[in-house]
Amino acid sequence: MRIGVLALQGDVDAHQEVLRTLGVEGVSVRTPSDLDSIDGLVLPGGESTTMSMLLDSSGLREPLTEWVSERRPTLGTCAGLVLLADRVTDGRDDQVSLGGLDITVQRNGYGRQKFSFEGDVAAPDLGEEFDGVFIRAPRILDVGASIEVLGRLSADGEIVIVQAGAIIGCAFHPELSGDPRLHARLVACANAGNGPR
Ligand code: GLN
């Protein structure tokens, strides 16, 4: 079992560390051939605008678009969630997402006061609340019928963890609180033979 972490920019090491604690080999993905040997992929936080540009210059845009359209196991956190969103508002004009989740996200969607914050996330199907670290997080504005809602902010019920088949997205940074449950879910999808497509 090998799980890739997109390593063009952003918060890569903390994801590798969570994978290590799960006993899974993490592989840094920088070029298209890095995708050949992996069973699942993490799209980390960072800046979705920068990542969008680097997807083009690295040659990864086409194979990653194919990856998500084949519904291969993927976990996107924060900027990674922006990359997985079918619709993005308040993005930069030239940023283009990969898509894969039938959701609309508003980039940097939490107002000034809550631009970065920690909040409890209720995720009844996953066990106890998550300690959600939100850093200029995208806000999920709407979800389509194919989307399973896995987590909501305890304070106001806003949706912050979603899944569709083997594609999982969350608006916060589970790797910064060291919570391995979403990575474990990704690994389970990968173990299930690349999950439902
Ligand atoms: N605001 C960033 C973006 O839109 C996401 C921030 C993050 O990943 N922590 O890409």
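Quick note: structure is the one above.
Residues numbered from 1 in each chain as written. Predicted model: local features only at pLDDT ≥ 70, side-chain atom pairs only at ≥ 80, totals over all residues. Heavy atoms only, no water.

A. Region of interest: the site of the ligand. Close to the ligand lie G45, G46, E47, S48, C78, A79, R107, N108, I135, R136 and H173, which account for all nearby residues. Between the ligand and R136 there is a distance of 2.9 Å, counted from a nitrogen atom to a backbone nitrogen or oxygen. In this structure, H173 approaches the ligand through a side-chain N or O atom, which is 2.9 Å from a nitrogen atom. For the ligand, the accessible surface in isolation is 300 Å², of which the surrounding protein chains cover 97%. Its residues assigned to classes, the shell around the ligand shows three nonpolar, five polar and three charged. (Near = heavy atom within 4 Å. Polar contact = N/O pair within 3.5 Å; in protein donor to acceptor, adjacent residues only side chain to side chain. Areas by Shrake-Rupley, 256 points an atom, 1.4 Å probe, with all protein chains shown as cover. Nonpolar A, V, L, I, M, F, W, Y, C, P; charged D, E, K, R; others polar.)

B. Molecular detail of the pairing of strand β10 (residues 148-153). Both strand β7 (residues 116-122) and β10 contribute to a ladder of two bridges, which runs antiparallel. Looking across to β10, one finds that V121 is bridged to L153. Hairpin connection of β10 to strand β11 (residues 159-164): five residues between the antiparallel strands, including G157 at a positive phi of 80°. (Pairing = 2+ DSSP bridges. Helix = DSSP H or I, 4+ residues; strand = E, 2+ residues; numbered from the N terminus.)

C. Fine view of the packing of aromatic side chains. Here the structure, examined in full by the defined rule, presents five aromatic pairs. Consider the rings of Y110 and F117, whose centres lie 5.2 Å apart with planes at 65°: the pair is edge-to-face. Taken together, the ring pairs in this structure connect Y110, F117, F130, F134 and F172 into an aromatic cluster. Its guanidinium or amino end placed over the ring of F130, R181 lies 3.9 Å from that ring's centre, counting from NZ or CZ. (Phe/Tyr/Trp six-rings, centres within 6.5 Å; stacked < 30°, edge-to-face > 60°. Lys NZ or Arg CZ within 6 Å of the ring centre and 35° of its normal.)

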